[in-house]
Amino acid sequence: MLAGACLMVLFTALEVRTVTVPLGPISLTTSEVAAGIFIAFSFVYAAADFSWYSRRRALDLAVGLFLLSNFLSAAIAAEDKPGAFKFSLRMTFAALVYLGVSRLPARARSHMWVAGAVAATLTIVTTVGLMENFTTFVPWPWVLRPFQEGIITFGTFYNVRIASTLPFPTVFSMYLELCLPLALAFGLWLSGRRSNSASRRRLLNVATIVLLVAVMMLQVYTYTRSALVATPISMLTGALLAAAYGYGRRVWGLLVLGVGVLALIVVLSVLFSNKMAARLDVEEQEQHYGAEYTILSMPAELAIENTYTAKLHVKNTGSINWAPSESEGVTITYRWLNYPEKENQEVDYIITNLPRDVPPGDEIDLQLEFNTPTENGKYVLVIEMVKAHVGWFSAAGPEPASVPLEFVNGRSRPLVLPAANESFREGKPAVTSAPRTQLWQAGIKTWQANPILGVGPDQYRKHYTEYMPELQRDEKVRTHNIFLESLATTGVVGFAAMLYLLFMMFLVQFRLVRDRIQKPGARLVSLALLTASVAYITHGMLDCFLWQTGVAFLFFTYLGLTSWLDEGAKQGQAA
């Protein structure tokens, strides 16, 4: 059962986006399969030790009321009942994780198994994240495609944010906040064991500090502004509690060190990186991938299924150097779009390499070979720069060169477009998310129109434009606030249930933190759980992530650990 719990924790960060195991109408991904294995082990253990398993725990009622409020809202208030029930069932599945963790074997170090699994998982995602940021020659969008939702950027100029194996940088950011306190607790417990030699203790202390610094670096590279608020608040709260309740200087000093490291990295990033300065609205954002094109010569007439040469003058108007090396991979090529549909045509590419480096502000003349379409019709020849593992420059802002042509009887003639400034950028225009304040207003209006049971679990994203029609609908958008999300989707009934759950969580965790009778490992884990809960609530007031499977499993795992430690403290069994 303990091994199953560790496996489940590992796969909270290794959830693939595609279905792994289809079971009729139900489909499971990797994290859900791992959780299912743990839940199955938990039920086997229940049969073997039913008296321990059936004993009521501190948070059982709160979790049950939370689930009941979701199902009540789904059954009565939701228009899309299948979607609402699906979300409620996912929360039930996560609550079964709570059930299993809260009933872990009543052994001295069950909680340290879970803490060790969290530390190992955090080490994995941190290593991947650092490599994603610093080993740019690896095609990370392709490597991480099973986990992520594609290339993650902010702004319009390919400022890539780090997401590691999580689907979005914002989700990764909260995941780091939830995992770090428990990983630090495990490191402090491991290095503080009396059986350690002095050299081994120093090595473990250094490893714990290195992990802390690496996580803080990654937290900055996610460029999640909410994290720059939630992370220091949660860690300083943990440090104050550690100082107040006698955890020792090693504990509160490490937490304060983490806040200092985060602040230092942010300051250095603002001073030396336009990406962070732009993210914090200190500077205007640089356009990294910029180009201006001038067609110097083009054959007067083209024939279908032939190869021709055009001469272009290109200026680097961005802020990065164009290098022809394999690792940089900046080249120029083309694509044919049919008109007016603007769909890419199956015409063989010919890639033209740069003869030399082209630094920002420099200009170069290039000979571009290109193939023509295989059928008559209306087309636009689009010519532009492209960077390997990143994409077309026009997806980041600059307009490509374009030549509208119509092929009749196998020969080309000029095509006059209705709009002279029509755009042929690659991809869809970037969708700008509505400001949080507007999403909050939409959440309040949604609740006011549905005060008792809301619009149904997970249904705000489908209804918020009904109450604020001026907002652009995006079904991936939530309220960006866990309390408003609860009000809008489950009304005052669900909101009261959620408040009760969070209140009981903090009450039990605070009681455990104050308990000086617990042994060192249990005390450290108790402090870590409270610190992570503060991070979840603080970050949750600016974002909403319980819908994401990995975060949901981790959140309910922490609820389960809280219950387990509380029961152990009552029984005098926690170590």
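Residues numbered from 1 in each chain as written. Predicted model: local features only at pLDDT ≥ 70, side-chain atom pairs only at ≥ 80, totals over all residues. Heavy atoms only, no water.

## Digging into the overall build of the chain
Broken down by element type, the chain carries 17 helices and 13 strands. Across its three principal axes, the chain shows a C-alpha extent of roughly 90 × 60 × 40 Å. If you sum the accessible surface of the chain, you get close to 25000 Å²; carbon and sulfur atoms cover 61% of it. (Helix = DSSP H or I, 4+ residues; strand = E, 2+ residues; numbered from the N terminus. Areas by Shrake-Rupley, 256 points an atom, 1.4 Å probe, with all protein chains shown as cover.)

## Digging into the sheet that holds strand S5 (residues 291-297)
Strand order in the open sheet made by the 3 strands is S5-S6-S9, with antiparallel pairing throughout. Looking at which strands have only one partner, the edges of the open sheet turn out to be S5 and strand S9 (363-371). Across the sheet, the mean angle from the axis of one strand to that of its neighbour is 35°, orientation sign disregarded. Pairing of S5 with strand S6 (residues 307-316) involves 6 bridges; the strand directions are antiparallel. Of the residues in S6, the one forming a bridge with Ala291 is Asn316. (Pairing = 2+ DSSP bridges. Axes fitted to C-alpha atoms, helices over the stretch in contact; angles between N-to-C directions.)

## Quick look at the packing of helix H8 (residues 169-191) against helix H16 (residues 520-540)
In contact at an axis separation of 9 Å, H8 and H16 are set at 165° when each is read in the N-to-C sense. By the angle between their axes, H8 is roughly antiparallel relative to H16. In this structure, H8 meets H16 at a crossing whose hand is right-handed. Here Ser173, Met174, Glu177, Leu178, Pro181, Leu182, Ala185, Leu188 and Trp189 of H8 lie close against H16, whose contacting residues are Gly521, Leu524, Val525, Ala528, Leu529, Thr531, Ala532, Ala535, Tyr536, His539 and Gly540. (Parallel < 35°, antiparallel > 145°, perpendicular 65-115°, else oblique. Left-handed = near helix turned anticlockwise from the far one by under 90°. Contact = heavy atoms within 4.5 Å.)

## Describing the state of the cysteines
Here a disulfide denotes a covalent bond joining the sulfur atom of one cysteine to the sulfur atom of another. Counted under the stated rule, the structure contains 0 disulfides. Sulfur of Cys6: no disulfide; nearest cysteine sulfur belongs to Cys179 and is 13 Å away. Looking at the unpaired Cys544, the closest cysteine sulfur is the one in Cys179, lying at 18 Å. For Cys544, a relative accessible area of 10% translates into the label buried. (Disulfide = S-S within 2.5 Å. Buried < 20%, exposed > 50% of the residue type's maximum accessible area, 1.4 Å probe, protein only.)

## A few points about a positive patch on the surface
A surface patch of like charges, here positive, comprises Arg109, Arg193, Arg200 and Lys519. Locating Lys519 in the fold gives a position in the loop between helix H15 (482-514) and H16. (Patch = residues over 30% accessible without salt bridge, like charges linked within 9 Å, V, L, I, M, F, W, Y side chains within 5 Å. Salt bridge = Lys/Arg side-chain N within 4 Å of Asp/Glu carboxyl O. Lys, Arg positive; Asp, Glu negative; His and termini not counted. Charge placed at Lys NZ, Arg CZ, Asp CG, Glu CD.)

## So, the packing of H15 against helix H17 (residues 549-571)
Running from amino to carboxyl end, H15 crosses H17 at an angle of 45°, the nearest separation of the two axes being 10 Å. Between H15 and H17, the angle is such that the two are oblique. Seen along the crossing, H15 lies across H17 with a hand that is left-handed. Across the interface between the two elements, Leu501, Leu502, Met505, Val508, Gln509, Arg511 and Leu512 from H15 touch Phe555, Leu559, Thr562, Leu565, Asp566 and Ala569 from H17. Taken together, the residues that form the contact of H15 with H17 break down as 9 nonpolar, 2 polar and 2 charged. (Nonpolar A, V, L, I, M, F, W, Y, C, P; charged D, E, K, R; others polar.)

## Remarks on helix H9 (residues 198-221)
Taking 1.5 Å per residue, 24 residues should reach 34 Å; H9 reaches 35 Å between its end C-alpha atoms and fits that length. Every buried residue of H9 is listed here: Leu204, Thr208, Leu211, Leu212, Ala214, Val215, Met216, Leu218, Gln219, Val220 and Tyr221. Along its buried surface, H9 packs onto helix H6 (110-134), H8, helix H10 (225-244), helix H11 (249-272) and helix H12 (274-279). Positive backbone phi, approximately 55°, marks Tyr223, located one or two places after H9. (Expected span 1.5 Å × (residues − 1).)

## Focus: the side chain of Thr231
Examined against the element boundaries, Thr231 turns out to sit in helix H10. Note on Thr231: relative accessible area 4%, which makes it buried. From its side chain, Thr231 meets the backbone oxygen of Ala227 in a polar contact 2.9 Å long. Excluding anything up to four places from it in sequence, Thr231 contacts Glu177, Met216, Gln219 and Leu262. (Polar contact = N/O pair within 3.5 Å; in protein donor to acceptor, adjacent residues only side chain to side chain.)

## Considerations on the environment of Phe393
Along the chain, Phe393 turns up in the loop between strand S11 (391-392) and strand S12 (401-408). Taking the relative accessible area as the measure of exposure, Phe393 reaches 1% and is therefore buried. Spatially, the C-alpha atom of Phe393 lies 55 Å from that of Leu61, the residues being 332 residues apart in sequence. Once residues lying within four places of it in the same chain are set aside, the contact partners of Phe393 are Tyr289, Gly290, Ala291, Tyr293, Trp322, Val330, Glu384, Met385, Val386, Lys387 and Pro398.

## Side note on the packing of aromatic side chains
According to the stated counting rule, one finds 19 aromatic pairs in the structure shown. Here the aromatic rings of Tyr245 and Phe510 are separated by 6.0 Å at their centres, their planes lie at 80°, and the arrangement is edge-to-face. Within this pair, whereas Tyr245 is found in the loop between H10 and H11, its partner Phe510 is found in helix H15, the two being separated by 265 residues in sequence. Look at Phe510 and you get partly exposed, because its relative accessible area is 32%. Measuring from centroid to centroid gives 6.0 Å for Trp336 and Phe407, while their planes differ by 65°, and the two rings are edge-to-face. In this pair, Trp336 is assigned in strand S7 (residues 330-338) and Phe407 in strand S12, connecting sequence segments 71 residues apart. Exposure remark for Trp336: the relative accessible area of 1% places this residue in the buried category. Look at Phe407 and you get buried, because its relative accessible area is 2%. Site record: aromatic cluster; members linked through ring pairs are Tyr308, Tyr334, Tyr349, Phe370 and Trp392. Over the aromatic face of Trp392 sits the side chain of Arg335, whose NZ or CZ is 4.5 Å from the ring centroid. The ring of Tyr247 has Arg523 sitting right over it, with the charged end atom 4.0 Å from the ring centre. (Phe/Tyr/Trp six-rings, centres within 6.5 Å; stacked < 30°, edge-to-face > 60°. Lys NZ or Arg CZ within 6 Å of the ring centre and 35° of its normal.)

## Points about the pattern of salt bridges
By the definition in use, this model includes 14 salt bridges. Two residues, Glu567 and Arg55, come together in a salt bridge whose shortest N-O distance is 3.4 Å. Placement of Glu567 in helix H17 and of Arg55 in the loop between helix H3 (50-54) and helix H4 (60-76) is noted, with a sequence separation of 512 residues between them. The class of Arg55 is partly exposed, set by a relative accessible area of 34%. When the shortest N-O distance is used, the salt bridge between Glu406 and Arg413 registers 3.4 Å. By relative accessible area, Glu406 is classed as buried at 17%. Given a relative accessible area of 45%, Arg413 falls into the partly exposed group. Salt bridges linked by common partners bring Asp458, Arg461 and Arg478 together as one network.

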